[in-house]
Amino acid sequence: MRLCSFVLVRMSFVDGQFTYTVTVHLAGLTRGNTMANSLAELEEFADLNLPKDKRDFLRSGANQEQTVRDNIEAFKRIRFCPRFLIDVSERDLSTTVLGHRISFPVCIAPSSTHCFVHPDGEVATAKAAASMNTVLGLSSWSTKSMEEVADAAPNGIHWYSLQLFADGNMALNMIRRAEKSGYKALLITVDTPIVGTRLANVRNKFQMTCRYPNFEYGDGKKTQAEASSYGPSPSAKMTWDDVVWLKRITKLPIILKGILTAADARLAVEHGVAGIVVSNHGGRQLDGVLATIDALPEVVEAVKGSKVEVYIDGGIRQGTDVLKALALGARAVFIGRPVQWGLCYKGEEGVQLVLELLKNEFSLAMALSGCTDAKRIPRSIVRRLPEAASRL
């Protein structure tokens, strides 16, 4: 459904011919004035201003996109049970992730190709994250190098995201570069042994036209990334032995991104990882898996008693979603697509706007539910709707 908008048609008569100018006004939202009141408005702006192939690349998921939709709908099946007569005049939104204090529990998930929507790309994203004192997860498929991003926001908290590739030396090279550039942790994507089918990209005959500098060796030598429109192929042979190898070759904390079950969460604890991101890759891999907010409770329960921190991504569109995730045990949430909408709107300032909107909504939701400390959100403030009621 489109947001409220209107169309203005101007007609003029020049040199014996009529000329028509059509202008679409979307709820007052333009690049020139910051009037967005929600992430939904920024999404609408991106939909109307990006070419179809780029728009579909950002929006789409795997196959019939059931999981893309359910990531969002699942949050709606959770309702609040607020407490009142509590002094909420002062609220502490801050938390810590792997010992680093952040101003509120919303971080930026690794996502590819930010230059698609704004020429400053990941540099703009990194500056916005630093200005809001939160974590930037940088994708291997970023269109700015990890060094350039680190230099652009030297005081930021940066985590580097990678997969293991068929070229075994590639991950090692990336890890050494990340260590040298001051990255604080490694996000290891585990849900992509093979890339899922994204039908929108197939229909559009979508081709990447970007340079991915993280797939270049330090001496300028190119890797197999040049042979593909979307970088190198992930390794379908990755196992828990590779987690052991990663722990051996680096002192950086290891966070596994893509865990959805208690069984894998327990194995993650056994293998000494520092964190887990409950993630289904934004619905872009296996269609029909659990929505991340539905998978979260069993993962949290599985790591109870350990030092493993649990985060979540997928479907977070409002500050109330953040509060629901924290009530169900997440330490922080990560956002992906909304960052790209902000970039499309106004680069660094647009990403900062996305974070500010979520921060303000989260603060209000805390107050209205009787919470004063983001680090101590009780499970009792949320309740899952019965399945039948959720369809009403």
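Residues numbered from 1 in each chain as written. Predicted model: local features only at pLDDT ≥ 70, side-chain atom pairs only at ≥ 80, totals over all residues. Heavy atoms only, no water.

(A) Quick peek at the overall build of the protein chain. What the protein chain contains, in helices and strands, is 13 helices and 14 strands. For the protein chain, the residues scored as buried account for 52% of the 392 residues in total. Of the contacts made within the protein chain by residues no fewer than 6 positions apart, 71% connect residues no fewer than 24 positions apart. (Helix = DSSP H or I, 4+ residues; strand = E, 2+ residues; numbered from the N terminus. Buried < 20%, exposed > 50% of the residue type's maximum accessible area, 1.4 Å probe, protein only. Contact = heavy atoms within 4.5 Å.)

(B) Representation of the pairing of strand β7 (residues 135-138). Residues of β7 alternate between two faces, with V135 and G137 on one and L136 and L138 on the opposite face, all of them buried. Two strands pair when backbone bridges link them, and β7 and strand β8 (residues 157-162) are joined in this way by four bridges, in the parallel orientation. Paired with L136 across the two strands is H158, which belongs to β8. In this fold, β7 hands off to helix α5 (residues 146-152), which returns the chain to β8; that crossover is right-handed. (Pairing = 2+ DSSP bridges. Right-handed = clockwise from strand over helix to strand, strands pointing away.)

(C) Layout of the packing of aromatic side chains. Counted under the stated rule, the structure contains nine aromatic pairs. Note on F57 and F116: the rings are 5.8 Å apart at their centroids and 70° apart in plane angle, and the pair reads as edge-to-face. Residue F57 is located in helix α2 (residues 52-59), and its partner F116 is located in the loop between β6 (106-108) and α4 (121-131); the two are separated by 59 residues in the primary sequence. There is no split in this pair, since F57 and F116 are both buried. Among the aromatic residues, ring-to-ring pairing joins W141, F165 and F215 into one connected group. A cation sits over an aromatic face here: K54 above F116, 5.0 Å from the ring centre. (Phe/Tyr/Trp six-rings, centres within 6.5 Å; stacked < 30°, edge-to-face > 60°. Lys NZ or Arg CZ within 6 Å of the ring centre and 35° of its normal.)

(D) Focus on the pattern of salt bridges. Within this structure, the stated rule accounts for 14 salt bridges. With a closest N to O distance of 2.6 Å, R384 and D294 form a salt bridge. Of this pair, R384 sits in strand β14 (residues 382-384) while D294 sits in helix α10 (residues 292-302), and the two are 90 residues apart along the sequence. Relative accessible area serves as the criterion here: at 22%, D294 is assigned to the partly exposed category. (Salt bridge = Lys/Arg side-chain N within 4 Å of Asp/Glu carboxyl O.)

(E) Region of interest: the nonpolar core. Counting residues in hydrophobic clusters, the biggest one holds 97 residues, and the most contacted among them are Y160, L186, I276, V278, I293 and L296. For this core, the leading source of residues is helix α12 (residues 337-369), giving 14 residues. Grouped together as the second largest cluster of nonpolar side chains are 14 residues, C107, I157, W159 and V277 included. (Core = buried A, V, L, I, M, F, W, Y, C linked by side-chain atoms within 4.5 Å.)

(F) Here's a closer look at the environment of L164. Structurally, L164 is set in the loop between β8 and α6 (168-180). For the pair L164 and S233, spaced 69 residues apart in sequence, the C-alpha separation works out to 9.0 Å. Among residues more than four places away in sequence, those in contact with L164 are A171, P234, S235, M238, D242, W245 and L246.

(G) Representation of the packing of helix α11 (residues 319-327) against α12 within the structure. Contact geometry for α11 and α12: axes closest at 7 Å, N-to-C directions at 60°. As far as their axial angle goes, α12 and α11 are oblique. Taken as a pair, α11 and α12 cross one another with a handedness that is right-handed. Contact with α11, carried on its side by G319, T320, V322, L323 and L326, involves L358, E361, F362, A365, M366 and S369 of α12 and no other residues of that element. (Axes fitted to C-alpha atoms, helices over the stretch in contact; angles between N-to-C directions. Parallel < 35°, antiparallel > 145°, perpendicular 65-115°, else oblique. Left-handed = near helix turned anticlockwise from the far one by under 90°.)

(H) The environment of H118, seen in detail. Its location among the elements puts H118 in the loop between β6 and α4. The class for H118 is buried, based on a relative accessible area of 18%. Measuring from C-alpha to C-alpha, the distance between H118 and G342 comes to 9.5 Å, with 224 residues separating the pair along the chain. Look past the residues within four positions of H118 in its chain and what remains in contact with it is L343 and G347. Of the polar contacts made by the side chain of H118, one reaches the backbone nitrogen of D120; its length is 3.1 Å. (Polar contact = N/O pair within 3.5 Å; in protein donor to acceptor, adjacent residues only side chain to side chain.)

(I) Inspection of the environment of A126 at higher detail. Inspection of the secondary structure puts A126 in helix α4. Look at A126 and you get buried, because its relative accessible area is 1%. As for A126 and G156, which are separated by 30 residues in sequence, their C-alpha atoms are 7.3 Å apart. Residues in contact with A126, not counting those within four places in the same chain, are L136, V149, A153 and H158.

(J) Highlighting the pairing of strand β11 (residues 275-278). Burial along β11 is two-sided: the residues G275 and V277 and I276 and V278 are all buried. Read from strand β10 (residues 254-259) through helix α9 (residues 262-270) to β11, the crossover connection turns out right-handed. Read as a crossover between parallel neighbours, the route from β11 over α10 to strand β12 (residues 309-313) is right-handed.

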